[in-house]
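So you can see what is in the structure, the chains are spelled out below.
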Amino acid sequence: MSEIEERLSELERLGLGRRLRLISGPQGPTVLLEGKPVLLLCSNNYLGLADHPRVREAAADAAMRWGVGAGASRLVSGSMTIHGRLEERLADFKGTEGCLLFGSGYLANLGVIGALAGAGDTVFSDELNHASIIDGCRLSRAAVVVYRHRDVEHLEWSMRRHAGGREGRRLIVSDSVFSMDGDVAPLLELAELAQTYGARTVIDEAHAVGNLGPDGRGAVAEAGLEGEIDVVIGTLGKALGSYGAYACASAEIVRYLINTSRSLIFSTAPPPPAVAGALAALELLRERPHRVARLRSNARALRRALAAEGFPVTESEMHIVPLIVGDERQAMRLCQEAIEGGVFAQAIRPPTVASGSSRLRLTAMASHTASELREAAGLLGRVARRIGLDPESLTAGQVERQAPPRASAGEDFAGEISARRAGAAPFDAESSGAPAGDSAAPFDIERDLSGARAA
Ligand code: PMP
C-alpha cells in the first residue's frame, strides 16, 4: 500500500473520508443531488444571488466585453476598469476610504495577515477563526497567540502578557460571524483592546455581509465600527453570489497591501465575469435590501422549527445553525439519512471543526420558503430519532452556550486560566505565543490522525 493509500484508509477508518458529491444546476433552494431532488440547506449563497438573472446576465456581458480571464496579476498586465469599479462600490458599501480585490477570501486572509504581521510581530487570533486565518497566521511567521473563543478577558490577559519589551507590530484577527457556529465576535471590545494595546485589527466578514447590519452591510456596521477596523475582509463567494474577495481599509493601508501582499502580487486578478457578477449582486442588495429581511426571517423560521423538534437551538435571526452531533460517523449518518429524506445538509467534521464536535451546519437562504424550512426541520427531527439520536441530547452551539463577553480582565487571570484550562494545550498560557503552526492550529488534521483530541 502506498503512503497515500494508507493515509486515505486511515481517514476512512476515522470517519473522516471526504468525496465530492455531484449536483446538477445552480445553487438554488433545491438542487438535484446525484440525480435526486433535495432541499439545499448548506450553501453560502445566502441571498440567493448566485443564480439571479441580473447577476448571470452581468457575468455573461462581462465575458463578452472583457473576456473570461484577467490575464495576470493586476500589477503585471494592468488593472481592468471593472476591478476598480467594484472596489469603489465596495469601499462605499463598507464605509472605508479604499478597497482591494483578491482572488478569494482564502487568499485575502493570507495576503492581509502576511502583510500586517511578520517575524518579530504578534498576532492574536480567536480559537475558532477560519482555516484561512489560521493559515495566514502560519505563513506570516509572526508569533501567534490563540485566545479562547470570544473571550475578551483572555485576549486582554494575553495582550498584557505579550506587551513587555516587544517592539514588533501586533494584530488582532477574528471572524465577525464565525463560520461553523454562526455566533458573533465581540467587535467593540476587540476594537477597544486594539486601541489600548496599540494593535491593528483585521475582521473577516465572510458570513456577516447580507445578514447583519443596516442593509446587510455586516457586523462591523452593526456594531457602529465602520472606519474603526483597520482591515475588513469579505468574500464575494457567499452572499454576493460570485467568487473573489476584498479587503476594505484606509487608502494608506490599501496602498501598502498593493506593495506587500503576496497573494495579490503573485496571483492572477479575479476574472471579469466574477467581478461583474459581484457588482450586479451588490447593486441588487443595495436596491432591494428586503432580501436581507427575508434571510433573517427564514433563519428565524428554521430555528423555531428545529427548536420545536427538540434541537438545542435558540431563537435568533442568524442564518448559520449548527446541529452538533459529536461523533464523526453519527454526523455522517444523519447527513446521509437526511439526504434520503430530501434534505441536503453536509456533515462538517475535523479538521473544519474540533474532534468530537462534528455537526450538520445548516444555512438558511433568502430564496427558501418558510414552509420548506419547517418541513426540513421536521425531517431532521424524525431522522435523528430514527437513528437513535435524541435531538435534545445534542450539544448546544456556541450561541446557546455563551455568556455575554466581559470587557475587563481580572488581575488574577493567570491563575484562573490555568485552573480552568489545565492541559488545554492550544490555548493555555505556555503555548500562547509559540510560532504559528503550533499554537494556531487547534484543529490540525495531523492531531486528529495521531489520535490526539483538539481542545
Ligand atoms: N473566511 C471565512 C470566515 C470563511 O468561512 C471562508 C470560506 N468558507 C473564507 C474566509 C474563504 O473565502 P473564499 O471561499 O472566498 O475563499
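The following paragraphs examine the structure supplied in this document. (Residues numbered from 1 in each chain as written. Predicted model: local features only at pLDDT ≥ 70, side-chain atom pairs only at ≥ 80, totals over all residues.)

### With respect to the sheet that holds strand 13 (residues 347-348)
Spatially, the three strands line up as an open sheet ordered 11-14-13, and their pairing is antiparallel. Only two strands of the sheet have a single partner each, and these edge strands are strand 11 (320-326) and strand 13. Pairing geometry for strand 13 and strand 14 (residues 358-363), over two bridges, is antiparallel. Within strand 14, the position partnered with Ala347 by the bridge is Leu360. Together, strand 11, strand 13 and strand 14 form the strand contacts of helix 14 (residues 328-340), whose direction differs from that of strand 14 by roughly 35°. (Pairing = 2+ DSSP bridges. Helix = DSSP H or I, 4+ residues; strand = E, 2+ residues; numbered from the N terminus. Contact = placed C-beta atoms within 7 Å. Axes fitted to C-alpha atoms, helices over the stretch in contact; angles between N-to-C directions.)

### Comments concerning the packing of helix 4 (residues 81-94) against helix 12 (residues 272-287)
Where helix 4 meets helix 12, the axes come as close as 10 Å, and the angle between the chain directions of the two elements is 30°. In terms of their interaxial angle, helix 4 and helix 12 are classed as roughly parallel. Classified by chirality, the crossing of helix 12 by helix 4 is left-handed. Residues Ile82, His83, Arg85, Leu86, Arg89 and Phe93 of helix 4 form the contact with helix 12, whose participating residues are Pro272, Val275, Ala276, Ala278, Leu279 and Leu282. Of the residues contributing to the contact of helix 4 with helix 12, the split by class is nine nonpolar, one polar and two charged. (Parallel < 35°, antiparallel > 145°, perpendicular 65-115°, else oblique. Left-handed = near helix turned anticlockwise from the far one by under 90°. Nonpolar A, V, L, I, M, F, W, Y, C, P; charged D, E, K, R; others polar.)

### What about the site of the ligand?
For the ligand, the set of nearby residues contains 14 residues, the closest of which are Ser104, Gly105, His130, Ala206 and Thr235. Among the elements that line the shell around the ligand, the one with the most residues is helix 5 (residues 105-116), at three residues. Its residues assigned to classes, the shell around the ligand comprises three nonpolar, nine polar and two charged. (Near = placed C-beta within 6 Å.)

### Here we look at the pairing of strand 5 (residues 122-126)
The two faces of the sheet receive side chains in turn, since in a regular strand these alternate between them. Buried residues dominate strand 5, accounting for five of its five residues. Every second residue of strand 5 is oriented toward a common face, with Thr122, Phe124 and Asp126 on one face and Val123 and Ser125 on the other, all of them buried. As paired elements, strand 5 and strand 6 (residues 143-147) share five bridges and run parallel to each other. Each residue of the ladder has a partner; that of Ser125, found in strand 6, is Val146. The parallel pair strand 5 and strand 6 is bridged by helix 6 (residues 131-140), and the resulting crossover is right-handed. (Buried ≥ 20, exposed ≤ 12 C-beta atoms within 10 Å, placed from the backbone. Right-handed = clockwise from strand over helix to strand, strands pointing away.)

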